[in-house]
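Coordinate analysis (summary)
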Amino acid sequence: MTSAPLPRILRRRGEPEYPTFLELFFDLVYIFMFSRLAASLAEDLTVRGAAQSAVLLLAAWWVWVLTAWLTDLFNPRLPIIQATTLLVMLGTLLMAIATPYAFGRYGWLFVAAYFAIHLVRDAVLIPGTRVNRPIQARSIRVFFWFGVTVTPWVAGVFADETARLALWSLAVAVDLGSARVGWPTPRLGRTELASQIFTGVHLSERHRAIFIVALGELILSTGTGLAGSGFTAGAVATSAVAFVSAVLLFQLYFQRVQRILAPPSVATVERVRSGTSTSYSHLVMVAGVVLVSTSTSLVIDRPFGRAPVELMVATLGGPVLFLLGSVLFDAVVTGRTLWSRVLAIVVLCALVAPATLLFPPLAALILANLVLLVTLVGEGLAARRRLVGAAVPSR
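Quick caveat: nothing in here was measured; it's all calculated off a predicted structure.

1. Quick look at the nonpolar core
Within the largest apolar cluster, 97 residues are counted, with the highest numbers of intra-cluster contacts made by Tyr30, Phe34, Trp62 and Trp153. Both domains that meet at this core, namely domain 1 (21-194) and domain 2 (200-388), each give it at least three residues. In this structure tyrosine 30 touches Ala60, Val63, Trp64, Thr92, Ile210 and Val213, once residues within four positions along its chain are discounted. Core analysis: the second largest hydrophobic core is formed by 10 residues, Leu73, Leu78, Leu125 and Ile135 among them.

Pasting the structure below:
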């Protein structure tokens, strides 16, 4: 089997697989994006508000994923790729600015920025890969499917709030779903995901970076909420608990990643290279952190007293989403179910009803942290027992 020579625009074997400074710089705009999403949800903590925030998060996440794949497949040190990344960053900034009003008067700005990002990227990649037909075909397939979803995206701009939510939900589901099945396109077929030139190390590092960015937004919202609270006892206590939440989420994520990816086996690297599955599982984890940020900002303002059901659901639901995403990620990489975190999810879900009836918001936040702490300690002890057992020679 022969293949066309790689054009200069593509990343070559042996080149550094770790993210460049430009890629890390690009991620900074997502601190702003996540903060806008968390603030918007805090202002409208309803089922409708959650659905709207989810649609906007999915669109923003899809931009990040395609940019991570861009710098994974193509040489991020080329000026044309660097310029493309910066333009995508600018478009993402405009999307973030429009986010709180995307279901109001600035829906047009969100959609215009979203599609400008994709047009700029494909205008670079399709001509730039013409000497390598399989890679060019992949870019054309992606462009074709954005052509399919442009109709519901644009139609939503001119629809009322309910219809806009339905149209944009359909559009973003097609955007993400078409990638999962390889962007099947007339006359071009579909992209075999297993054959894509994904670099396991690079994508793994990119996912770690965006998770750190999400935690950074949690720290930012905690500090901002405390600074504007007048430093009351309840606000200080809530901020301290929120900081502990960030630490626990950090430890739960990175300790598990280190156990399953270092040193990576051949099978593990191949699973990480699947790209879509690992990206989708990280989406769930990041959504969990954003929801923790949302609930934290609300609890800082109202740490005591009877809390509405939606606040309790958000307070305990953030850790649930994070744990669910980590279970999915673990299943993708190792092929096994992380039962300790499944149990933690069950416990957190069981706490929602009694927390709503018996506990103030701050107590619910503390309960969520206790579940995370017990999970972290339990996994650490289990890992230590396995190491000790492996070190003891069998007789």
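2. A look at the environment of valine 201
Within the secondary structure layout, valine 201 lies in helix H8 (residues 200-227). On the basis of relative accessible area, valine 201 is assigned to the partly exposed category, the value being 31%. Separated by 183 residues in sequence, valine 201 and tyrosine 18 have C-alpha atoms that sit 6.9 Å apart.

3. With respect to the environment of arginine 180
The topology assignment puts arginine 180 in helix H7 (residues 161-180). In the structure, arginine 180 is positioned 96 residues away from threonine 276 in sequence and 6.4 Å away in space, judged by C-alpha atoms.

4. Points about the environment of leucine 311
By the secondary structure assignment, leucine 311 is in helix H12 (residues 309-334). With 15 residues separating them along the chain, leucine 311 and threonine 296 place their C-alpha atoms 9.6 Å apart. Discounting residues that sit within four places of it in the chain, leucine 311 has contacts with Leu45, Ser295, Leu298, Val299 and Pro361.

5. A closer look at the packing of helix H4 (residues 79-98) against helix H5 (residues 107-128)
Running from N to C, H4 and H5 point in directions that differ by 170 degrees, and their axes come no closer than 8 Å. Judged on the interaxial angle alone, H5 and H4 are roughly antiparallel. Residues Ile80, Ile81, Thr84, Leu87, Val88, Gly91, Thr92, Leu94, Met95 and Ala98 of H4 form the contact with H5, whose own contacting residues are Leu109, Phe110, Ala113, Tyr114, Ile117, Val120, Arg121, Val124 and Leu125. The class makeup of the residues in the contact of H4 with H5 is 15 nonpolar, 3 polar and 1 charged.

6. Notes on a nonpolar patch on the surface
A grouping of Leu87, Leu90, Leu93, Leu94 and Ile97 is seen on the molecular surface, where their side chains present a nonpolar patch of about 390 Å² in accessible area. Note on placement: leucine 90 falls in helix H4. You can call leucine 90 partly exposed: its relative accessible area is 47%.

So, how was this worked out
- Residues numbered from 1 in each chain as written.
- Predicted model: local features only at pLDDT ≥ 70, side-chain atom pairs only at ≥ 80, totals over all residues.
- Heavy atoms only, no water.
- Core = buried A, V, L, I, M, F, W, Y, C linked by side-chain atoms within 4.5 Å.
- Buried < 20%, exposed > 50% of the residue type's maximum accessible area, 1.4 Å probe, protein only.
- Domains from an automatic or database assignment.
- Contact = heavy atoms within 4.5 Å.
- Helix = DSSP H or I, 4+ residues; strand = E, 2+ residues; numbered from the N terminus.
- Axes fitted to C-alpha atoms, helices over the stretch in contact; angles between N-to-C directions.
- Parallel < 35°, antiparallel > 145°, perpendicular 65-115°, else oblique.
- Nonpolar A, V, L, I, M, F, W, Y, C, P; charged D, E, K, R; others polar.
- Patch = residues over 30% accessible without salt bridge, like charges linked within 9 Å, V, L, I, M, F, W, Y side chains within 5 Å.
- Areas by Shrake-Rupley, 256 points an atom, 1.4 Å probe, with all protein chains shown as cover.
- Salt bridge = Lys/Arg side-chain N within 4 Å of Asp/Glu carboxyl O.

From the geometry alone we can't say anything about function, so treat these as descriptive.
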